[in-house]
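Structural characterization, general
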Amino acid sequence: MRRAYHVDEIRRAEADLMARLPDGALMQRAAAGLAAVAARILRDSGGVYGARVALLVGVGDNGGDALYAGAGLARRGARVRAVLLDETRVHAGGLAALVEAGGRTADETALDDAELIIDGMLGIGGHGGLRGRAAQLARAAADAAAAVLAVDLPSGIDADSGQVAGTCVRADATVTFGAYKPGLLIDPAAEHAGVVELVDIGLSALPEHAAVEALQAADVAGLLPRPSHATDKYLRGVVGVACGSVDYPGAGMLAVGGALRGGVGAVRYSGPRQVGEEILRRWPEVLVEAELPSAAGRVQAWVCGSGLPADDEYAAQRTKQVVDSALPAVLDAGALTYLDDLDLGEHIVLTPHAGEAARLLGVERAQVEANRLDFVRGLAAELGATVLLKGSTTLIAEPGGGAVRANPTGTAALATAGSGDVLAGLIGALLAAGLRPLDAASVGAYMHGLAGRLARREGPIAAGDLLASLPRAWHNLQ
Ligand SMILES: NC(=O)C1=CN([C@@H]2O[C@H](COP(=O)(O)OP(=O)(O)OC[C@H]3O[C@@H](n4cnc5c(N)ncnc54)[C@H](OP(=O)(O)O)[C@@H]3O)[C@@H](O)[C@H]2O)[C@@H](O)CC1
Ligand SMILES: Nc1ncnc2c1ncn2[C@@H]1O[C@H](COP(=O)(O)OP(=O)(O)O)[C@@H](O)[C@H]1O
Ligand SMILES: [K+]
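One structure accompanies this document, and this report is about it. Here the structure is a predicted model, which is why all the values come from computation and not from measurement.

1. Focus: the coordination of the potassium ion (ligand 3)
The protein atoms that coordinate the potassium ion (ligand 3) are N62 (OD1), D119 (O), L122 (O), V151 (O), L153 (O) and S155 (OG), at distances of 2.6 to 3.0 Å. One can describe the donor arrangement at the potassium ion (ligand 3) as irregular, given that its six donor atoms subtend angles of 69 to 170° at the metal. Spacing between the donor residues of the potassium ion (ligand 3) along their common chain follows N-x56-D-x2-L-x28-V-x1-L-x1-S. Here L153 falls in the buried class, since its relative accessible area comes to 0%.

So, in structure tokens, the structure goes:
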């Protein structure tokens, strides 16, 4: 699990550790980790000795890290030049170390022929988008041919929220110290960080619960339902799908398809007869049942809403019956328009995209997109349900607070009609298989993204291709 903490939490943990260490020890640890990653990058492109390295050096400790790491590389024969953001404010010890090791200061033309640019302009002390010369240097780094390695985080991103306000550095890799920051896991900031490597500097006094966490392959593999020898189809779980309508039958099909690949023993479909017949033609294994959920056979969880129209008596009734069953459920798309007066809870997973979340909160879509973390927390708390906010970084929050999960496998290839229906079905199946709502939603999002990544290797994808690649995604994790 990758765990990210807010800046004030990291500052407190750093202060606790610094009080127990000699002056400057923490920065030396950070710089040593940074220099090791820089050396590895340079080794891949011809070696450290003689390599041209440009440092972008800010006025704070982020600049200090870059200078000490630069000194380490200079001692190994690299030609290191430091471009100072402000010559009157620079980490004096770091600069002295660099000069002593053979490095020197230079103007920004040093970026032109560098093989590696180390971005030490701003770390967790940054606020707002880059200003003045910092913005100008970020643009110069983007234009240069060199690989860019960010120190702690790409300068200019918002470490706490993942927002990007204006210009910021776009890195190929980031070396982050002590713990992840939410901005390294949440877009749009995360996509500026490249490959993120965590360097352990010994921080221990971090809060029990992270602010944001991201499952990794081993976590997901540990959570996926696995049939035991002694199981039968009912013990594996049965999921009910109350999706699709006469006008939108395809959403019902795709939700059923996602549910069939979610590791349950059986899928029951409840909906209009002609949709049920279509489903049976494609998947004879589905149990097609009554048009209303309350009349269907026993299930352990429901998926409801994909392909349900708004302002429709039958759709409202289907949603209400699913919620009244008190079973775990996914409420997607159309079902999100019928939430008034329903008794939600943590066992209900709502799956809005930014537009739907904005409507539920009475704000503009752009506001949600700019600050997804705050809005997903707010929506979960306000509606009293687990909320999965879809988008370029899908986020999942529980109503009682706690760590928000950020999905690391998202790909823009998923932005295709019907892909959300597949996701809803998949999460419903994971709920029926017994995963708790937060896990079902985050494992579902992870597998959905992984399926998207596998499918896109063969070209542009449609939602149906996700169904075809979901078994491969499972196989990859087992
Ligand atoms: N603490 C520790 O134990 C350890 C910390 N470590 C390292 O320290 C880093 C944090 O260092 P830090 O606190 O000095 O802040 P830092 O990010 O360098 O920048 C602050 C300066 O930037 C400026 N500035 C702000 N916004 C700006 C903008 N938009 N555009 C332009 N300028 C802007 C602002 O100037 P001001 O606005 O105040 O004039 C302020 O002075 C951390 O990320 C890690 O790398 C490691 O060594 C491990 C041990
Ligand atoms: N830029 C993006 N990067 C990664 N994933 C995305 C992006 N845009 C959308 N997605 C994902 O694609 C899916 C789209 O779902 P949704 O908006 O419900 O569409 P539909 O209703 O057509 O199925 C969601 O899982 C969402 O997280
Ligand atoms: K930086």
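Structure shown, so let's carry the discussion forward.
2. Structural notes on the nonpolar core
The biggest cluster of nonpolar side chains holds 100 residues, and the ones touching the most others in it are L55, L73, I118, L331, L344 and L350. Looking at this core element by element, the count peaks at 10 residues for helix 2 (residues 25-44). Taken domain by domain, the makeup of this core includes at least three residues from each of domain 1 (2-211) and domain 2 (217-477). Among all residues touching L55, those that are not within four sequence positions of it are A66, L67, G70, V80, R81, A82, V83, L98 and I118. Core analysis: the next-biggest nonpolar cluster, separate from the first, contains 54 residues, C243, I279, A445 and L450 among them.

3. Points about the pairing of strand 11 (residues 266-270)
The buried fraction of strand 11 is high, at five of five residues. Burial along strand 11 is two-sided: A266, R268 and S270 and V267 and Y269, pointing in opposite directions, are all buried. Sheet analysis places strand 10 (residues 238-242) next to strand 11, joined by four bridges and oriented parallel. Bridging across to strand 11, G240 finds its partner in R268. For the crossover from strand 10 across helix 8 (residues 249-260) to strand 11, the handedness is right-handed. Looking at chain direction, strand 11 and strand 12 (residues 287-289) are connected through three bridges and run parallel.

4. Quick notes on empty space enclosed by the protein
Applying the stated criterion across every chain yields a total of one cavity of 30 Å³ or more. Empty space within the largest cavity amounts to approximately 30 Å³. Looking at the largest cavity, the residues that line it are L215, I396, R405, A406, N407, P408, S442 and Y446. Among the secondary structure elements, those contributing two or more residues to the lining of the largest cavity are strand 18 (404-406) and helix 15 (437-456). For the lining of the largest cavity, a count of residues per class yields five nonpolar, two polar and one charged.

Calculation criteria
Residues numbered from 1 in each chain as written. Chains lettered and ligands numbered in written order. Predicted model: local features only at pLDDT ≥ 70, side-chain atom pairs only at ≥ 80, totals over all residues. Heavy atoms only, no water. Donors = N, O, S within 2.8 Å, 3.2 Å for Na, K, Ca; no water. Tetrahedral: all angles 85-135°; square planar, octahedral: opposite > 155°, others 65-115°. Buried < 20%, exposed > 50% of the residue type's maximum accessible area, 1.4 Å probe, protein only. Core = buried A, V, L, I, M, F, W, Y, C linked by side-chain atoms within 4.5 Å. Helix = DSSP H or I, 4+ residues; strand = E, 2+ residues; numbered from the N terminus. Domains from an automatic or database assignment. Contact = heavy atoms within 4.5 Å. Pairing = 2+ DSSP bridges. Right-handed = clockwise from strand over helix to strand, strands pointing away. 1 Å grid on protein atoms, 1.4 Å probe; cavity = no way out; pocket = protein on both sides within 12 Å on 5 of 7 lines; lining within 4 Å. Points joined across faces, edges and corners; volume = space filled by probe spheres on them. Nonpolar A, V, L, I, M, F, W, Y, C, P; charged D, E, K, R; others polar.

Function cannot be inferred from these measures alone, as they are strictly geometric.
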